[in-house]
Every structure is written in C-alpha cells, then in structure tokens.
Amino acid sequence: MNGAVVKASMPLKKMIIFGLFAGAYIAFAGAGANMAAFNLLASPETFGLGKILSGTIFTAGLMLVVLGGAELFTGNTTMVAAAMDRRITAAAMLKNWIIVYICNFIGSVLIAFMVYYSGGLNAGEGMLGAVTVKIAAGKVNMDFGAALVSGIMCNWLVCMAVWLSTGAQTTVGKIFSIFFPIWLFVTAGFEHSVANMFFIPAGIMAAGSPSFAALSGASAEALANLTWIGMLVNNLLPVTIGNIIGGGGCVAVGYYTALKDEK
C-alpha cells in the first residue's frame, strides 16, 4: 500500500510524464507483438500460435513500466486497497486514475501515429496493416457485456503480475513475475484498455488506406464502427469498467479483505 500512497501524492508533472511513458511503453509492446505474429494471426489455422507469440513479445511493455518506472492506469486500479485502508482518499485515487488514463491514451496514440507515419504497417506487403485493421475492427464490434467481462479477466491477471513483481527481490524475479501472467492474458485474448489505446487507433489510421482495408477481410459494417467514437463507446468504455473491476475488485478488494486481519 505504500506504493499507492506515493502514487496518490505524486506531483502533477511527474504523474503526467510517467503516464505518457506508460502509454508509450504499452504501445511499443503492441507494435512489436503485431509485427512478430501478423502472419500467424492472419490465418485461422495458426491464430492460436500467433497469440502465443504475440504474448511473449507484449510482456516487455509491463516490464518497461514496472522496472523503468511509469504510471499505468490498469495497474493503478489496485489503489482501491489503500483507499479501503484509509491510507489515501478516494478523491486522490480518482485524480490519479483520470490523469494517468488520459496520459496513457495520449502516449499510446502518439506511438500509433509514429508507427503508421513511419510506414511500419507496410510490412509483409501490407499484411501487417491489414491485420492491424482486422484486430481493431474486431475490438470495436464486441458486445458490451463480452468486452466488460474480458476486461475483468485481463486486469485480474495484469494486477497479479504487478502484485507478484513487488514480492520479487531481484530483477530476474520481477521479469518472470511479470512475464507469465501477461503472456497468459494476451494468449487468452482478453481486453486491456491501455493496449487498445494503441491497437484501435493504429487500426483506424490503417483503415484509411484502401489496400489495408481490403486485405483485412473486414466487412463494411465492421469497418463502419472503426472510428474514434466507436473506439470510445464500443470498446474503451466497457473494457475500462471491466479493468477497474478486475484490478480494483478481484485483486485489491479480494486480497485486502483476505489479509487485513493479519496486519
């Protein structure tokens, strides 16, 4: 809980910079994961293998956040435990969440734009761009309830990765503590709000290219929802709520309730 106290009292400038960094780190991980696995993800026969491979790469994002130092909204949902223990106020927690969430979004979208502008999505004769569109279209066309539940499962695992890493005494121990839960959530295909702040904007930008859109195989109806409003309403809203429940409810409330009498 000491970490939550530090987060709640962090100077605004530091909170903003570290929020931008975390968004960028998760976006870098998303870009690398897509590049590594796009050929496998493009085919139903190898889709599961693609998720396994992308998951191994994506783990680097949380490693950069935890080991390098940054503020990630999804991990910060565990501040609920400190609020329950009255170590921090609900207002201070919400202030951190709002500022970090917005900065995570800006950092992620910035990297998405840089990847797009640099021509990185042209890899594989445009197939990377096509898969990027397909992934994003799938995310903005999810059922609200499915996206919410997927968000719960995702951040339960993400916050367990953070929880386990705090107990590790060495850098190698922290890396392994982070690696397996994150690998698990990516392989399972669960929804992470900050990761989607990269995947969906990258898909929106890529969909502006007729060749990427055509190669993606996404229907016109699916592509119609691939907009900034579609991202916010159809994905980020339910996934963010689910992430709060998974991290703040399942992990923070669950462990606090189980362990509070042992203090």
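Preceding this paragraph is the structure being described.
Predicted, not measured: the structure shown is a model, and the values here were computed from it.

## Let's talk about the nonpolar core
By size, the foremost hydrophobic cluster in this structure holds 67 residues, and its most contacted members are Phe58, Leu62, Ile182 and Phe185. Counting residues per element, this core draws most heavily on helix H2 (residues 12-41), which supplies 11 residues. Beyond its immediate sequence surroundings of up to four residues, Phe58 is in contact with Ile26, Ala29, Gly30, Ala33, Ile182, Phe185, Val186, Ala195 and Phe199.

## Notes on helix H7 (residues 127-140)
Its 14 residues give H7 an end-to-end C-alpha distance of 20 Å, which sits within 8% of 20 Å, the value for a rise of 1.5 Å per residue. Counting buried positions over the 14 residues of H7 gives 10, a clear majority of the element. Of the residues making up H7, those classed as buried are Leu128, Gly129, Ala130, Val131, Thr132, Val133, Ala136, Ala137, Lys139 and Val140. Considering only its buried residues, H7 is in contact with H2, helix H10 (193-207), helix H11 (210-216), helix H12 (220-224) and helix H13 (228-259).

## Describing the pattern of salt bridges
Considering all chains together, one arrives at 2 salt bridges under this definition. Across the pair Glu71 and Lys7 runs a salt bridge, and its minimum N-O distance is 2.9 Å. Of this pair, Glu71 sits in the loop between helix H3 (47-68) and helix H4 (73-76) while Lys7 sits in helix H1 (residues 2-8), and the two are 64 residues apart along the sequence. In this structure, the salt-bridge partner of Lys139 is Glu191, at a minimum N-O distance of 3.0 Å.

## Comments concerning the packing of aromatic side chains
Throughout the structure, instances matching the rule amount to 13 aromatic pairs. Pairing Phe58 with Phe199 gives two aromatic rings, centres 6.5 Å apart and planes at 25°, and the pair type is stacked. Taken together, the residues span a long stretch of sequence, with Phe58 in helix H3 and Phe199 in helix H10 at a distance of 141 residues. On the basis of relative accessibility, which here comes to 11%, the residue Phe199 falls in the buried class. Seen from their ring centres, Phe179 and Phe180 are 5.1 Å apart, and the 80° between their planes marks the pair as edge-to-face. On the basis of relative accessible area, Phe180 is assigned to the partly exposed category, the value being 44%. Clustering of aromatic rings is evident, with ring pairs tying together Phe58, Phe185, Phe198 and Phe199.

## Details of unusual backbone geometry
Non-glycine residue Arg86 carries a positive phi angle of around 60°. By the secondary structure assignment, Arg86 is in the loop between helix H5 (80-84) and helix H6 (90-117). Even without being a glycine, Glu125 presents a positive backbone phi close to 55°. The exposure class of Glu125 is exposed, given its relative accessible area of 79%.

## Looking at the side chain of Ser216
Its location among the elements puts Ser216 in helix H11. Taking the relative accessible area as the measure of exposure, Ser216 reaches 6% and is therefore buried. In terms of polar contacts, Ser216 uses its side chain to reach the backbone carbonyl oxygen of Ala213, at 2.6 Å. Residues in contact with Ser216, not counting those within four places in the same chain, are Ala130, Val133 and Lys134.

## Regarding a nonpolar patch on the surface
Residues Leu110, Phe113, Met114, Tyr116 and Tyr117 make up a contiguous nonpolar surface patch of about 560 Å² in total accessible area. Relative to the helices and strands, Met114 resides in helix H6. Here Met114 falls in the partly exposed class, since its relative accessible area comes to 45%.

The rules behind the values
Residues numbered from 1 in each chain as written. Predicted model: local features only at pLDDT ≥ 70, side-chain atom pairs only at ≥ 80, totals over all residues. Heavy atoms only, no water. Core = buried A, V, L, I, M, F, W, Y, C linked by side-chain atoms within 4.5 Å. Buried < 20%, exposed > 50% of the residue type's maximum accessible area, 1.4 Å probe, protein only. Helix = DSSP H or I, 4+ residues; strand = E, 2+ residues; numbered from the N terminus. Contact = heavy atoms within 4.5 Å. Expected span 1.5 Å × (residues − 1). Salt bridge = Lys/Arg side-chain N within 4 Å of Asp/Glu carboxyl O. Phe/Tyr/Trp six-rings, centres within 6.5 Å; stacked < 30°, edge-to-face > 60°. Polar contact = N/O pair within 3.5 Å; in protein donor to acceptor, adjacent residues only side chain to side chain. Patch = residues over 30% accessible without salt bridge, like charges linked within 9 Å, V, L, I, M, F, W, Y side chains within 5 Å. Areas by Shrake-Rupley, 256 points an atom, 1.4 Å probe, with all protein chains shown as cover.

What is shown is where atoms sit, not what they do.
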